[in-house]
Amino acid sequence: MNCDLIAPHYWWIEKLGMGGTLERRRRWFLPEIGQARRALVLGDGDGRFLRELLRHNPSVRADYVDLSRRMLELARLRAGRERVSYQQCDGLAAEFPRSNYDLVATHFFFDCLGPSELEVLIGRVAEAAKPGARWIVSEFCVATIPARLLVSALYLFFRVTTGLKTRKLADHRPILQSHGFRLVSSRHSRGAFVVSELWER
Ligand SMILES: C[S@@+](CC[C@H](N)C(=O)[O-])C[C@H]1O[C@@H](n2cnc3c(N)ncnc32)[C@H](O)[C@@H]1O
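Residues numbered from 1 in each chain as written. Predicted model: local features only at pLDDT ≥ 70, side-chain atom pairs only at ≥ 80, totals over all residues. Heavy atoms only, no water.

Q: Got a minute to help me understand the site of the ligand in this structure?
A: The immediate surroundings of the ligand are formed by 18 residues, with Arg26, Gly43, Asp66, Gly91 and His107 found nearest. A distance of 3.1 Å is found between a nitrogen atom of the ligand and a backbone nitrogen or oxygen belonging to Leu67. Take His107: an N or O atom from its main chain is 2.6 Å from a nitrogen atom of the ligand. Compared with its free state, where it exposes 590 Å², the ligand has 97% of that area covered by protein. Residues belonging to the shell around the ligand are distributed by class as follows: nine nonpolar, five polar and four charged. (Near = heavy atom within 4 Å. Polar contact = N/O pair within 3.5 Å; in protein donor to acceptor, adjacent residues only side chain to side chain. Areas by Shrake-Rupley, 256 points an atom, 1.4 Å probe, with all protein chains shown as cover. Nonpolar A, V, L, I, M, F, W, Y, C, P; charged D, E, K, R; others polar.)

Q: Mind showing me how you'd approach a nonpolar patch on the surface here?
A: A surface patch of nonpolar side chains, amounting to about 370 Å² of accessible area, comprises Trp11, Trp12 and Leu16. Tracing the chain through its elements places Leu16 in helix H1 (residues 10-18). Assessed through its relative accessible area of 70%, Leu16 is described here as exposed. (Patch = residues over 30% accessible without salt bridge, like charges linked within 9 Å, V, L, I, M, F, W, Y side chains within 5 Å. Salt bridge = Lys/Arg side-chain N within 4 Å of Asp/Glu carboxyl O. Helix = DSSP H or I, 4+ residues; strand = E, 2+ residues; numbered from the N terminus. Buried < 20%, exposed > 50% of the residue type's maximum accessible area, 1.4 Å probe, protein only.)

Q: What exactly am I supposed to notice about the nonpolar core here?
A: Soluble, globular proteins show a tendency: their nonpolar side chains are buried together. In this structure, Leu50, Leu53, Tyr64, Tyr86 and Ile136 are the most contacted members of the largest nonpolar core, which totals 38 residues. Val65, Val104, Ala129 and Ile175 belong to the second largest nonpolar core, which has 27 residues in total. (Core = buried A, V, L, I, M, F, W, Y, C linked by side-chain atoms within 4.5 Å.)

Q: Is there a simple way to explain unusual backbone geometry in this structure?
A: Peptide bonds are, in most cases, trans, and in most cases residues other than glycine have a negative phi. Its identity is not glycine, yet Ser99 carries a phi of approximately 45°, on the positive side. Mapped onto the secondary structure, Ser99 falls in the loop between strand E3 (84-88) and strand E4 (101-107). A relative accessible area of 39% means that Ser99 is categorised as partly exposed. Residues other than glycine seldom take positive phi values, yet Phe108 does so here, at roughly 50°. Counting through the fold element by element, Phe108 comes out in the loop between E4 and helix H5 (115-128). A relative accessible area of 8% means that Phe108 is categorised as buried.

Q: Looking at this structure, how should I read the pattern of salt bridges?
A: Two side chains with opposite charge may pair up if their charged atoms get near one another. In total, this model carries 17 salt bridges according to the counting rule given. Where Asp63 meets Arg38, a salt bridge forms, and the shortest distance between an N and an O atom there is 3.1 Å. Of this pair, Asp63 sits in strand E2 (residues 61-66) while Arg38 sits in strand E1 (residues 38-42), and the two are 25 residues apart along the sequence. Judged by its relative accessible area of 15%, Asp63 falls in the buried class. Since its relative accessible area comes to 22%, Arg38 is described here as partly exposed. Connected through salt bridges with shared partners, the residues Glu14, Glu23, Arg26, Arg27, Asp46, Arg48, Arg51, Glu52, Arg55 and Arg78 form a single ionic network.

No statement about biological role is implied by the geometric values presented.
And the structure:
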């Protein structure tokens, strides 16, 4: 997957297609994570969540990881350099320090990965998470026919524009559970197209 081409257009395409729905999901648990000090923000794209995280939490320091150079540049413009370390790399291969993070954030990133990739990623990140760490996830749901149609259309869009190979949403929940995380709270959007989840170890 290479998001360089769509990176500058990503926010307005999202706004046009989904209004404020995804942005509300990304921000939903910000009031709950004010205690976080070390955050890992994975596949954050153009940095809209990262900027809000830094605004809401003046003490947090974040590691941002994304595959796309253009996305990283945009994130750096939005969120600044002060409390963030930026890394352009594959999250599946990145070296994370052990037992380091008390917060992990993955918004609309799991959908880029197949089940075996998701297993690898969650396993590696779980090793980098401290006991008691929180993990916030925003993701699409495919519980209804309209939602399944929407997600199929989105996969087609990303296949054409970024070369995304993944064709189907994998279920991250059993994988997070198998690594000791439990779902503390979740909130669906109207129409149940997307969900924000707060997990804790
Ligand atoms: C669908 S976009 C979501 C971006 C952002 N999190 C959001 O909420 O809009 C997926 C992002 O994950 C990045 N990405 C995809 N595969 C990745 C990987 N293996 N490692 C790191 N980043 C990856 C892409 O470059 C892109 O920025």
